[in-house]
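# Descriptive analysis of the structure
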Amino acid sequence: MVASCVFQVKFLNQATKLYNTTTVVPVNHIFFTTSAITAGIIFYQEFLGAAFLTVFIYLFGCFLSFLGVFLVTRNREKEHLQQSYIDLGNIPGKQMLDKIQPDSNSLSYGTLPDGSDSTKSQSGEKKEV
């Protein structure tokens, strides 16, 4: 349970940095509800000995909740990210370039830190790109 809470907090923090909360909260609601139902079925055997109608009504109620979340959030404007990558910050022992992911408009995947266009093959010899 502690690991689940830590994961949820970390997910919410990272997601709200990238997207609007009106997008993040409904997704979190659906994932949390689904994981709670699954955990209840596995750990507490909630539906053991329950009638088919009881299980159906329970799952239908969850479906209606998810449908409500979808209907409330479906007409929101799509958000465009200003940043197409997540900055991971300083990585110890690695030389930092101006960005972690290469520019999506360029034909090459990226450049080496020394600026040369050559790469080493697995055998250790240099190849020109």
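In this text, all values refer to a predicted model and were calculated from it rather than measured experimentally.

Now for the overall build of the chain. Per the secondary structure count, the chain includes three helices and two strands. The order of α-helices and β-strands along the chain, N terminus first, is α-α-α-β-β. Counting across all 129 residues of the chain, residues that qualify as buried make up 10%. Considering only contacts in the chain between residues 6 or more positions apart, those separated by 24 or more positions represent 30%. Carbon together with sulfur atoms contributes 61% to the accessible area of the chain, which is approximately 11300 Å² in total.

A few words now on the packing of aromatic side chains. All chains considered together, the criterion is met by five aromatic pairs. Pairing Phe47 with Tyr58 gives two aromatic rings, centres 5.3 Å apart and planes at 70 degrees, and the pair type is edge-to-face. Here Phe47, found in the loop between helix H2 (21-43) and helix H3 (52-73), pairs with Tyr58, found in helix H3; they are 11 residues apart in sequence, far enough to count as distant. The class of Tyr58 is partly exposed, set by a relative accessible area of 34%. Ring geometry for Phe52 versus Phe56: centroids 6.3 Å apart, planes at 25 degrees, classification stacked. Of the two residues, Phe52 and Phe56 both sit in helix H3, four residues apart, roughly one turn of that helix. Given a relative accessible area of 69%, Phe52 falls into the exposed group. Clustering of aromatic rings is evident, with ring pairs tying together Phe52, Phe56, Phe60 and Phe63.

Turning to the UniProt feature "transmembrane region" (unreviewed entry) in the chain, a few remarks are in order. Here the UniProt feature "transmembrane region" (unreviewed entry) sits at residues 18-44 and 50-72. A helix fraction of 91% and a strand fraction of 0% characterise residues 50-72, whose end C-alpha atoms lie 32 Å from each other.

Looking now at H2. Look at H2: 31 Å from first C-alpha to last across 23 residues, which is about the 33 Å you get at 1.5 Å a residue. Residues of H2 that are buried include every one of Val24, Pro26, Asn28, Thr33, Ile37 and Gly40, and no others. Residues of H2 that are buried make contact with helix H1 (2-18) and H3.

Another point: unusual backbone geometry. Even without being a glycine, Gln45 presents a positive backbone phi close to 50 degrees. In this fold, Gln45 is placed in the loop between H2 and H3. Looking at Gln45, the relative accessible area reads 47%, which means it is partly exposed.

What counts, and at which threshold
- Residues numbered from 1 in each chain as written.
- Predicted model: local features only at pLDDT ≥ 70, side-chain atom pairs only at ≥ 80, totals over all residues.
- Heavy atoms only, no water.
- Helix = DSSP H or I, 4+ residues; strand = E, 2+ residues; numbered from the N terminus.
- Buried < 20%, exposed > 50% of the residue type's maximum accessible area, 1.4 Å probe, protein only.
- Contact = heavy atoms within 4.5 Å.
- Areas by Shrake-Rupley, 256 points an atom, 1.4 Å probe, with all protein chains shown as cover.
- Phe/Tyr/Trp six-rings, centres within 6.5 Å; stacked < 30°, edge-to-face > 60°.
- UniProt positions renumbered as here; feature names shortened; annotations may be inferred.
- Expected span 1.5 Å × (residues − 1).

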